[in-house]
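Here is what each chain is made of, one letter per residue.
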Amino acid sequence: MWKNIVLIALVIGVSSCGSKKTAVKTSKESKEVVLGKIETVSYKSLGNGVASISLQLYENDTFKFDFQSIPQPDTDEKPAVISEKGTYTSDGSWKTLNFKDPKFSLASIFDKNFGDAAHFKVIDKENVKINTSKTALPIWGVVCEKQ
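A brief look at the structure comes next. (Residues numbered from 1 in each chain as written. Predicted model: local features only at pLDDT ≥ 70, side-chain atom pairs only at ≥ 80, totals over all residues. Heavy atoms only, no water.)

Observations regarding the overall build of the chain
Looking only at helices and strands, the chain features three helices and nine strands. For the chain, the sequential pattern of α-helices and β-strands runs α-α-β-β-β-β-β-α-β-β-β-β. Here the chain holds 147 residues, and 37% of them are scored as buried. (Helix = DSSP H or I, 4+ residues; strand = E, 2+ residues; numbered from the N terminus. Buried < 20%, exposed > 50% of the residue type's maximum accessible area, 1.4 Å probe, protein only.)

Now the structure itself:
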């Protein structure tokens, strides 16, 4: 019950902050990353009224992260859209994703209030470690299931 209340409060808080923004611009560096052809790990959000999220890791140590918030009914807010490419390094089942100069806060997207250190660790403003041995990854409070 408390998780639902916190999730609703988070959605209201995030939607009230910056609701005038229509999209987050993709960083220049992420456009230069050439994605691989074969997905090695993929996560997709389960049905929810908060956001559509996907994360794909490729065989050539690149990744693609897509995020689109779902505006709340009876509001005129625009969806927040993030589409980033980057590179990652591996240390067993842990992958360190490197977002070059992201135009969003990794600590907000990978919120420690919705996932523990067994799932992910935000290292700094450009890097986050994820545990790919888990069957689900909480991103922005949304459960993303391993495909």
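Points about the side chain of Lys64
Summarising the element assignment, Lys64 is placed in strand β3 (residues 62-69). Polar contacts involving the side chain of Lys64 include one to the side chain of Ser83, which spans 3.1 Å. In contact with Lys64, other than residues within four places in its own chain, are Leu35, Ser54, Leu55, Gln56, Tyr58, Ser83, Glu84 and Lys85. (Polar contact = N/O pair within 3.5 Å; in protein donor to acceptor, adjacent residues only side chain to side chain. Contact = heavy atoms within 4.5 Å.)

Regarding the packing of aromatic side chains
Inspection of every chain in the model, using the stated rule, returns seven aromatic pairs. Pairing Phe65 with Phe99 gives two aromatic rings, centres 6.0 Å apart and planes at 85°, and the pair type is edge-to-face. With a gap of 34 residues between them, Phe65 in strand β3 and Phe99 in the loop between β5 (94-98) and α3 (106-109) connect regions that are remote in the sequence. In this structure Phe65 comes out as buried when scored by relative accessible area, which is 0%. When the centroid spacing of 5.0 Å and the interplanar angle of 90° are considered together, the rings of Phe67 and Trp140 count as edge-to-face. Of this pair, Phe67 sits in strand β3 while Trp140 sits in the loop between β8 (136-139) and β9 (142-146), and the two are 73 residues apart along the sequence. (Phe/Tyr/Trp six-rings, centres within 6.5 Å; stacked < 30°, edge-to-face > 60°.)

Regarding the pairing of strand β4 (residues 81-91)
Taken together, the seven bridges between β3 and β4 define a ladder with antiparallel strand orientation. Along β4, the bridge assignment pairs Thr62 with Thr87. Pairing geometry for β4 and β5, over five bridges, is antiparallel. Considered in β5, the bridge of Tyr88 is made with Leu97. Linking β4 to β5, which pair antiparallel, is a turn of two residues; within it Gly92 sits at a positive phi near 70°. (Pairing = 2+ DSSP bridges.)

Remarks on unusual backbone geometry
Positive phi values are uncommon outside glycine, yet Asp61 reaches one of about 60°. Looking at the element boundaries, Asp61 is found in the loop between β2 (51-58) and β3. By relative accessible area, Asp61 is classed as partly exposed at 37%. Phi angles above zero are rare outside glycine, and Asp74 is one such case at about 60°. With respect to the helices, strands and loops of the structure, Asp74 is situated in the loop between β3 and β4. When its relative accessible area of 83% is taken as the criterion, Asp74 is described as exposed.

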